[in-house]
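Residue strings, one per chain:
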Amino acid sequence: MSGESDCTRTSPSAGSPSDSELLPDRPKYVCTLSPDLVTKAREELQEKPEWRLRDVQALRDMVCKDYPSLGTCLDDAFLLRFLRARKFDYDRALQLLVNYHTCRRTWPEVFSNLKPSAIKPVLESGFVTVLPHRDPQGRHVVCIRPDRWTPSNYPITENIRAIYLTLEKLIQSEETQVNGIVILADYKGVSLSKASHFGPFVAKKVIGILQDGFPIRIKAVNIINEPRIFKGIFAIIKPFLKEKIANRFFLHGSDLNSLHQNIPPVILPEEYGGTAGKLDISAWNELLLASEEDFLHDFSELVLPCDSSPHDLLVSGDADEKQCDDSLRGMKPQLYYCY
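The rules behind each value
- Residues numbered from 1 in each chain as written.
- Predicted model: local features only at pLDDT ≥ 70, side-chain atom pairs only at ≥ 80, totals over all residues.
- Heavy atoms only, no water.
- Helix = DSSP H or I, 4+ residues; strand = E, 2+ residues; numbered from the N terminus.
- Buried < 20%, exposed > 50% of the residue type's maximum accessible area, 1.4 Å probe, protein only.
- Lys, Arg positive; Asp, Glu negative; His and termini not counted.
- Salt bridge = Lys/Arg side-chain N within 4 Å of Asp/Glu carboxyl O.
- Polar contact = N/O pair within 3.5 Å; in protein donor to acceptor, adjacent residues only side chain to side chain.
- Contact = heavy atoms within 4.5 Å.
- Pairing = 2+ DSSP bridges.
- Axes fitted to C-alpha atoms, helices over the stretch in contact; angles between N-to-C directions.
- Phe/Tyr/Trp six-rings, centres within 6.5 Å; stacked < 30°, edge-to-face > 60°.
- Lys NZ or Arg CZ within 6 Å of the ring centre and 35° of its normal.

Under an unreviewed UniProt entry, the protein chain has the name TTPAL protein and belongs to Donacobius atricapilla.

What follows is the structure in structure tokens.
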């Protein structure tokens, strides 16, 4: 079957009775991947176009059987995100989907009223943006600049909300689902007082979402202009990182030539030794703010998985927070030493 015909297949018009009852107007899936990306998805993600809808239906059946109260979208395109992120392993994709919703339900400070207009001050600060051009591997570059954040203006959770919405917007693209993303984090000017806001509890939550609770492939994390304090920050983060992700961290310091080995200058702004002009945050901000309708769902009201209860999750969360607070007390001397 050719790539073109693979990409024009749609989902069956009729599902099982339970599916029809749950989502009577479920949209038909039409693949938007180019023939080259169809081939890449087959080779890297074990995605077989001729089995794609069968795999989606299998995951949908597992959700309906094991987590009937999850309150999740069951559209083909939505479930495909989770299958691709876990290389079409049904069990791992199901766990990722459950984690995705559980993370939202158990961190209301981040997920309540989560929509672009609610984080407009963060976007306007330039804390997070997406470079206009993809890298040679077809990956978007998410640029994060902590020095743009003034802690007295709003809490660190607002920054996390902005990053999360940025990822949600990016993952709508099937191209990004296959290619993944690259992160560029500029730690210029990050002080000890600012770093102290990113303690083990917040670190554990964020890393947990990015590794096990969100359907995106993070292919590289490039850190530049990191001060000595970053050794302390990374000491907080590293225990929560899987080895595969930890190996994708690249610390460049102020060496732009080192950065250019990972991200070519042709797509980088002048601020990072590139030739793509001045860093412009307005285009991404406008795109995200224009996507308000995509984020109207109130994440804080998602139904819990059927085998969980609010009490159980709150007890677990309290225990994690206490453990992380204890860890933070132990880390603080190290932070001061590195600074």
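**Q** Any chance you could break down the side chain of Glu292 for me, citing the residues and the numbers?
**A** Tracing the sequence through the fold places Glu292 in the loop between helix 16 (282–289) and helix 17 (310–338). Among buried charged residues, Glu292 stands out as having no salt bridge; its nearest opposite-charge side chain is Lys115, 4.2 Å away. A distance of 2.7 Å separates the side chain of Glu292 from the side chain of Ser117, its partner in a polar contact. In this structure, Glu292 is in contact with Lys115, Pro116 and Ser117, ignoring residues within four places of it in sequence.

**Q** Give me helix 13 (residues 229–237): which residues, what numbers.
**A** Two residues of an α-helix separated by three or four positions point the same way, owing to the 3.6 residues in each turn. By the criterion of burial, helix 13 is predominantly enclosed, with eight of the nine residues buried. The set of residues buried in helix 13 consists of Ile229, Phe230, Gly232, Ile233, Phe234, Ala235, Ile236 and Ile237.

**Q** I'd love a proper account of unusual backbone geometry, names of residues and values included.
**A** Even without glycine at this site, Lys87 takes up a positive phi of about 50 degrees. Among the secondary structure elements, Lys87 is positioned in the loop between helix 5 (76–85) and helix 6 (90–105). Of the residues examined, Lys87 reaches a relative accessible area of 42% and is grouped as partly exposed. One non-glycine residue, Phe88, lies in positive phi territory at about 60 degrees. The topology assignment puts Phe88 in the loop between helix 5 and helix 6.

**Q** Pulling in residues and values, what's your account of the sheet that holds strand 3 (residues 181–186)?
**A** Overall, mixed pairing links the five strands, which are arranged 1-2-3-4-5 in an open sheet. The open sheet is flanked by strand 1 (128–130) and strand 5 (249–253), the only strands paired with a single partner. Averaged over all pairs of adjacent strands, the angle between strand axes in this sheet comes to 20 degrees, irrespective of strand direction. Pairing between strand 1 and strand 2 (residues 140–144): three bridges, direction antiparallel.

**Q** Which residues make up the packing of aromatic side chains, and what values do they have?
**A** Throughout the structure, instances matching the rule amount to seven aromatic pairs. Measuring from centroid to centroid gives 5.3 Å for Phe82 and Tyr100, while their planes differ by 80 degrees, and the two rings are edge-to-face. Residue Phe82 is located in helix 5, and its partner Tyr100 is located in helix 6; the two are separated by 18 residues in the primary sequence. For the pair Phe82 and Tyr100, one class covers both residues: buried. Ring centres 6.1 Å apart and planes at 50 degrees place the aromatic pair Tyr100 and Phe214 in the tilted group. Taken together, the residues Tyr100 in helix 6 and Phe214 in the loop between helix 12 (200–212) and strand 4 (218–224) connect sequence positions 114 residues apart. Classification of Tyr100 as buried rests on a relative accessible area of 3%. Clustering of aromatic rings is evident, with ring pairs tying together Phe78, Phe82, Tyr100, Phe111, Tyr164 and Phe214. Above the face of the Trp51 ring, Arg54 is positioned so that its terminal group lies 4.5 Å from the ring centre.

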